[in-house]
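Each chain is listed here by its residues.
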Amino acid sequence: MNSNHYLKRQPLAKRQPPAILNVSRRGFLKGVGAGALVLSVGLPSRARADEPKYAGEGMGNGLRDDPKLFVAVGADGIVTITNIRAEMGQGIRTGIAIVIADELEADWSKVKVVQAVGNEPKYGNQDTDGSRSTRHHFKAWRHMGASVRTMLEQAAAKQWGVPASQVHAKNHEVVHAPTSRKLGYGQLATAASAMSVPDKGSVKLKDPSQFRYIGTGKVPLIDGMDITMGKAVYGQDAKLDGMLFAVIARAPVHGGSIASYDAAATLKFPGVVKVVTIDPAPIPGAYQPKGGVAVIAKNTWAAMKGRQLLKVTWNDGPNASYNSDAYQKGLEAAVKEPGKVVRNNGDATAALAGAAKKVTADYYIPLLAHVPMEPPAALARVADGKAEIWACVQGPQAGVDNVAQRLGLKPENVTVHQTLLGGGFGRKSKVDFIVEAALLSKAMEGTPVKVVWTREDDVQHDYYHAVSAEHIEAGLDGSGKVVGWLHRSAAPSIFSIFMPDPKHEQPLELGMGLVDMPFAIPNVRVENPEAAAHTRIGWFRSVYNVPHAFAIQSFAAELAHAAGKDPKDFLLELVGPARQLNNHTDLADSWNYGEDPAKYPYDTARLRGVIEAVAKGANWGQKLPQGEGMGIAAHRSFATYTAAVVRVAVKDGKLTIPRVDVAIDCGPQVNPDRVRAQMEGSAIMGVAIATLGEITFKDGRAVQDNFDSFQVTRLNGAPREVHVHMIPAKNWDQPLGGAGEPGLPPIAPALCNAIFAATGKRIRTLPIRDQLKRA
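*Asks:* If you had to explain the pattern of salt bridges to someone new, which residues and values would you point to?
*Replies:* A full pass over the atoms with the stated rule returns 30 salt bridges. Notably, a salt bridge pairs glutamate 388 with arginine 381, separated by 3.0 Å at the nearest N-O pair. Exposure remark for arginine 381: the relative accessible area of 31% places this residue in the partly exposed category. A salt bridge links glutamate 527 to arginine 488; its shortest N-O distance comes to 2.6 Å. With glutamate 527 in strand β23 (residues 524-528) and arginine 488 in strand β22 (residues 482-490), this residue pair connects regions lying 39 residues apart in the sequence. Arginine 488 gets classed as buried once you look at its relative accessible area, which sits at 8%.

What follows is the structure, given as structure tokens:
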């Protein structure tokens, strides 16, 4: 694959398809040609140094400007939009085009999207995570499109010698209203390029009633046709002339290294070219590779067979004794004892002691692997002091920084091209696989090398979602009202890959549904006992919201049962009246997903709204056959509110899921079709986590190695129906929430609550697996 490789996308009916292109800035300018209108518009100017920085301004990529996206109109009328986020199925390439093209009044068939490369500081942060790409950039995108439209209108008015107020853009043309004269965008591109970029305050945005693409849900995915037809280019598809292939035998234990190896048989295998060792970075390791022995060959088969013939002896290092069973017992013991206090309202100890009834429960979620459909892959060419990489990566700038650091290059001499990602879920934010490819190309004196991860590599050398133990106690008064709440949560921190032994969850992890629990309970105490990490821990879809929501929402249903109340009604009672809570002051949450608490308070009216909407959509309270039940759960994450109702049937210990309903309030929905798809995908992934997902360790090594041992939901285990209920925004000025991750947290607790409703059996330890078959 090279920088001129086009990816065609699905057209609207009877229109020619725009295209996707991976280009450099220099190539972009060359491609649109002389006289093209090139516009750079950023987010609002950086806040003063002494003021907090939120949203896009608070994102880190050194001390750099906010993200800047580029819009170009060529002499041929083609509008080219540069995308700075990774496309991994969430539809961001389509989303950015929808917004800019709509404000620009562009003809959709004349729009194409190019993918920014990861070596240009002007783009600002390019990491795709946290469900924030559209959330952070929506207004900036609108201003970009409107600014280009304004410049084209000004150019036409000047050419006709008429007031700008008499002209308006409509469907890729500028029209003079009194005379009906028209000029196409291509005809105006050269003149518009000489115009000054208008001040953002003077640019008039469309009235939402005029939107043609935004919010309609009628625009197909830009990449849809090529993905369907197998033409889309992913990391595994990247190609360069003369490239070699590599697979790596990696240290099986975190922190391990090579003691010795014998590659004699490997080097005799046909197609094997060379065997290269990779030195491990010392713990904590961050995004640098594990140590290992790489087999470089002329094809993947030879590389894989050569790896099988390697004889490697490992020094297992400090985590050689890590065993999941013992670790689980230690974690569960830790949450039975007092821990670091991270939230304290009122006097929970006294409230619990004086309660009419006390309820206690313990919950456990194991380590989880990401297992995206496409395992990590990276192709690198390192020569003449420069590195160029093609990879399915969520964080291209992290790739630039880590390759530069490891190879001793200047960051400006490292370029990362983002391909499509066959799923990511946070795994591909970690760029160890990119560094591996760069190291091996350097070892081959500039020959391009593609590192291929097998599924076994992916499962056994992941940055796993953290294991977690949760202990909750609550006291009820005589009327069944909760008067005291104690929650202890223990999990190894993601920051263990960046700092030695952080011991406790960090503020952003605590702020994922733990200290920001919104229940109207007068006495709340939250504690965080110590938990060490013995393997690599990393971001996972919805991150620590998963265990926190599982415990809290499961416990809410247990309290409803103890109080003799309907679970939905009791959950609403816990949430309390409609009110806006400041996460920083009211809920001990210093993070709030990086958002300004004044703009993004915890709005319990919205949480109540999704609970009521999903209950109505699922026909909560209906009479069900014996052996069937419904469960409900709700959660706020990534500035979005979601709720789920899961309906289950259990017969002879076998679980089926006839239906899942999900309600979401994410504010304005730029592309409702993608929001709906994210909720549907979350329902299936949530079922997989609850029923099957588990990574265990023995002697420091991951036990599972493929889909036979780390299972994901198949068709026969998936929900038969998923219904999504989307709450409309108040208006288009309402702040946007995230969509990629918030649908996941309520699924597992709603499922387990449904199982109790159907069978009377509580599930507090995940995965469920065969627990329903036990007496």
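After presenting the structure, the write-up continues.
*Asks:* Describe the environment of serine 682, with residues and values.
*Replies:* Looking at the element boundaries, serine 682 is found in helix α18 (residues 672-691). The sequence separation of serine 682 and proline 742 amounts to 60 residues, and the corresponding C-alpha distance is 8.3 Å. Excluding its chain neighbours within four sequence positions, the residues that come into contact with serine 682 are Arg541, Gly740, Gly743, Leu744 and Ile747.

*Asks:* Requested: an account of helix α10 (residues 396-407), with residues and values cited.
*Replies:* Between its terminal C-alpha atoms α10 stretches 16 Å, which fits the 16 Å expected from twelve residues at 1.5 Å a residue. For α10, the complete set of buried residues consists of Pro396, Gln397, Gly399, Val400, Asn402, Val403, Ala404 and Leu407. Among the structural elements, β17 (377-383), β18 (386-391), β19 (414-418) and α11 (432-443) are those in contact with the buried residues of α10. Of the residues trailing α10, glycine 408 is marked for its positive phi of about 70 degrees.

*Asks:* Quick rundown of the confidence of the model for the protein? Include the residues and the values.
*Replies:* Looking at the protein as a whole, the pLDDT averages 92, with 92% of positions reaching at least 70. Within the model, the stretch residues 38-48 combines pLDDT values under 50 with 43 contacts to residues more than four positions away or in other chains. Contacts of residues 62-68 to residues separated by more than four positions or lying in other chains number 28 contacts, the stretch itself having pLDDT below 50.

*Asks:* Tell me about unusual backbone geometry, residues and numbers included.
*Replies:* Isoleucine 283 connects to proline 284 through a cis peptide bond whose omega is 20 degrees. Here proline 284 is to be found in the loop between β12 (272-278) and β13 (292-297). Phi angles above zero are rare outside glycine, and alanine 286 is one such case at about 50 degrees. Inspection of the secondary structure puts alanine 286 in the loop between β12 and β13. You can call alanine 286 partly exposed: its relative accessible area is 23%.

*Asks:* Tell me about the sheet that holds strand β7 (residues 167-170), residues and numbers included.
*Replies:* If you trace the three strands from one edge of the open sheet to the other, you get β7-β8-β9, paired in antiparallel fashion. On the outer flanks of this sheet lie β7 and β9 (181-184), each paired with one strand and no other. With direction set aside, neighbouring strand axes in the sheet form an average angle of 25 degrees. Where strand β8 (residues 173-176) meets β9, four bridges bridge the pair, whose relative direction is antiparallel. What sits directly across from glutamate 173, in β9, is glycine 184. This element, helix α4 (residues 185-193), spans β7, β8 and β9 of the sheet and lies at about 75 degrees to β9.

Cut-offs and rules
- Residues numbered from 1 in each chain as written.
- Predicted model: local features only at pLDDT ≥ 70, side-chain atom pairs only at ≥ 80, totals over all residues.
- Heavy atoms only, no water.
- Salt bridge = Lys/Arg side-chain N within 4 Å of Asp/Glu carboxyl O.
- Buried < 20%, exposed > 50% of the residue type's maximum accessible area, 1.4 Å probe, protein only.
- Helix = DSSP H or I, 4+ residues; strand = E, 2+ residues; numbered from the N terminus.
- Contact = heavy atoms within 4.5 Å.
- Expected span 1.5 Å × (residues − 1).
- pLDDT = per-residue confidence, 0-100.
- Pairing = 2+ DSSP bridges.
- Axes fitted to C-alpha atoms, helices over the stretch in contact; angles between N-to-C directions.

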